[in-house]
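# Tertiary structure, described
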Amino acid sequence: MLKKKRMSVKIPDDIAALICTASFFVMDYTIAGKGVGFITYVFCILALLISVCKGKKLIIRRLKEKTLFTVMTISCISAQIGNYIIRNHNSTLITSAAVCIIIWGILLVLPDLIGFESFYKYFKLACILVSFVIIIQFILIYVFHQDISRIYLLPEKWAFASDESITHARPISIFPEPSFYGNFAGMMVLLSCYKKERYISIYFLFTAVLSTSLTGICICMFFIVFDWYSRRKKSIKNIDVRKWLVAAILLLVLFFVYQCFASGGLDFARYGRSFYIRVISGYRAMKMFDWKDLLFGIGYGNMHFFVNPGVSNYLSGIFTIIINYGIINMLIFLMFCMDFFLRCKKMQYTRMAIAGILVLMIGQAMFYNTSFLIWIFIIYIVRKDESQIMNCQGVNL
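Since the structure is predicted, the reported quantities are computational estimates derived from the model, not experimental observations.

## Observations concerning the packing of helix H5 (residues 116–142) against helix H7 (residues 198–211)
Orientation of H5 relative to H7, taken along the N-to-C sense of each, is 40°, at an axis distance of 9 Å. By the criterion of interaxial angle, the relationship of H5 to H7 is oblique. The way H5 lies across H7 gives a crossing that is left-handed. In contact with Cys127, Ile128, Ser131, Phe132, Ile134, Ile135 and Phe138 of H5, H7 contributes Tyr203, Phe204, Thr207, Leu210 and Ser211. The residue inventory of the contact of H5 with H7, partitioned by class, reads 9 nonpolar, 3 polar and no charged.

If you want it as structure tokens, here you go:
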């Protein structure tokens with residue numbers, strides 16, 4: 001009887017973790033060309049419902065830590081609805097407000113319902129399988145000089161940006177572009193370093209290099225160097241995280257300067273969609289708006305009304321977040337990260353995950369979308385496991 005009872009608890013947790021993991025790898029799929037990430041949100045809600053139906057208690061833990069997140073969500077929703085009323089009733093704004101609510105609801109409870117070990121098992125397996133495709137595509141491109149096409153996990157017409165005629169000169173695996181894989185490689189390096197599976201972290205750094213995603217390479221190297229430094233210190237509690245924040249900023253500056261020069265001669269993203277376009281052009285676009293627009297944002301989906309559509313489609317980074325959601329919401333997000341960072345004084349891997357998402361946001365529009373959902377989920381689930389381990393060790397948090 002005891003054995004059956006244990007199985008009844010373990011299996012539902014594994015099923016929920018499997019569905020949650022699967023949802024992350026279809027992050028850019030939609031239905032009828034609307035609602036990017038719709039399938040991901042549905043899968044996450046399904047994982048949540050399975051956990052609750054199988055006896056998991058729906059409890060919102062660490063409510064104080066999630067207060068600023070809730071305030072930020074309410075502020076972003078208000079900004080979208082306000083822009084819907086003011087700016088010609090663009091329906092994208094209402095969709096964006098709904099997405100904010102969905103992401104908030106998922107992150108409020110799902111990380112506490114999914115077991116870390118179950119999630120890590122499936123997430124690692126999925127990432128390894130995806131990385132094999134990167135290696136194969138790298139060989140096809142650089143050894144056999146063939147262009148490759150994306151591998152679709154779901155019907156090709158469900159992908160938000162789909163075109164069978166498009167070929168790529170860089171490995172992309174199942175994703176629309178290398179930066180997506182770079183994100184997942186960074187997540188795996190963080191998780192594998194935390195689990196002390198360092199050979200896995202080196203492997204994913206290697207595959208990030210093969211993908212030619214400079215963002216992925218930088219974030220992987222940052223986590224690996226941090227882990228190496230922590231082992232040299234013998235005790236992770238002795239690490240001066242402030243030095244690592246400075247190192248992150250310096251790495252970011254070097255990355256930024258290098259890409260400004262590289263954009264003139266090296267075509268990392270093919271078709272001229274380089275870091276220069278994605279970040280520098282975001283700054284240039286921001287200068288087109290007055291202070292009121294920048295303070296409150298113009299609303300997600302309204303960019304093409306102000307900027308040439310051919311350019312606005314490829315703007316990203318922190319400047320795009322400011323334009324869409326406003327400086328106020330950006331500051332609230334920074335307060336949320338700083339508050340989270342200070343509350344996790346002895347949880348260095350959680351802190352480094354927070355630093356990682358801040359670095360990534362410089363070059364990617366990662367705010368209330370599927371990338372934002374996945375990274376915040378990773379932060380929450382690492383924080384949960386790290387705190388449980390420390391509580392078992394009798395460490396006073």
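## Focus on the pattern of salt bridges
Tallying each qualifying case throughout the model produces 6 salt bridges. A salt bridge links Lys124 to Glu197, with the shortest nitrogen-to-oxygen separation between them at 3.3 Å. Highlighted residues: Lys124 in helix H5 and Glu197 in the loop between helix H6 (178–194) and H7, separated in sequence by 73 residues. Grouping residues by exposure puts Lys124 and Glu197 together as buried. Across the pair Asp227 and Arg198 runs a salt bridge whose closest N-O atoms are separated by 2.7 Å. On the criterion of sequence distance, the pair formed by Asp227 in helix H8 (residues 214–232) and Arg198 in helix H7 is long-range, its members being 29 residues apart.

## Quick notes on unusual backbone geometry
In this structure, Lys196 takes a positive phi of about 65° despite not being glycine. Here Lys196 shows up in the loop between H6 and H7. Note on Lys196: relative accessible area 57%, which makes it exposed.

About the thresholds
- By convention here, each chain's residues receive numbers from 1 onward along its written sequence.
- It should be noted that, the model being predicted, local features are given only for residues of pLDDT at least 70 and side-chain atom pairs only at 80 or more, the latter also being counted only at that level, while totals for whole chains, interfaces and linings use all residues.
- To obtain the side-chain values, all non-hydrogen atoms of the structure were used and water was disregarded.
- Interaxial angle, 0 to 180 degrees, is taken between N-to-C directions of lines fitted to C-alpha atoms, where a helix line uses only the stretch in contact.
- We count a stretch as a helix when DSSP gives it H or I for four or more residues in a row; a strand needs E for two or more, and each element gets its number in order from the N terminus.
- For classification, angles of less than 35 degrees are called roughly parallel, those exceeding 145 degrees roughly antiparallel, those between 65 and 115 degrees roughly perpendicular, and all remaining angles oblique.
- By convention the crossing between two helices is left-handed if the near helix lies anticlockwise of the far one by an angle smaller than a right angle, and right-handed if it lies clockwise.
- Any two residues having at least one pair of non-hydrogen atoms within 4.5 Å are treated as being in contact.
- By the convention adopted, Pro, Cys, Tyr, Trp, Phe, Met, Ile, Leu, Val and Ala count as nonpolar, Lys, Arg, Asp and Glu as charged, and the other residues, Gly among them, as polar.
- Note on definitions: salt bridges are taken to be side-chain nitrogens of Lys or Arg within 4 Å of carboxyl oxygens of Asp or Glu.
- Partly exposed residues are those whose accessible area sits between 20% and 50% of the maximum for their type, while under 20% is buried and over 50% is exposed, using a 1.4 Å probe and protein chains only.

Interpretation in functional terms is not warranted from these geometric data alone.
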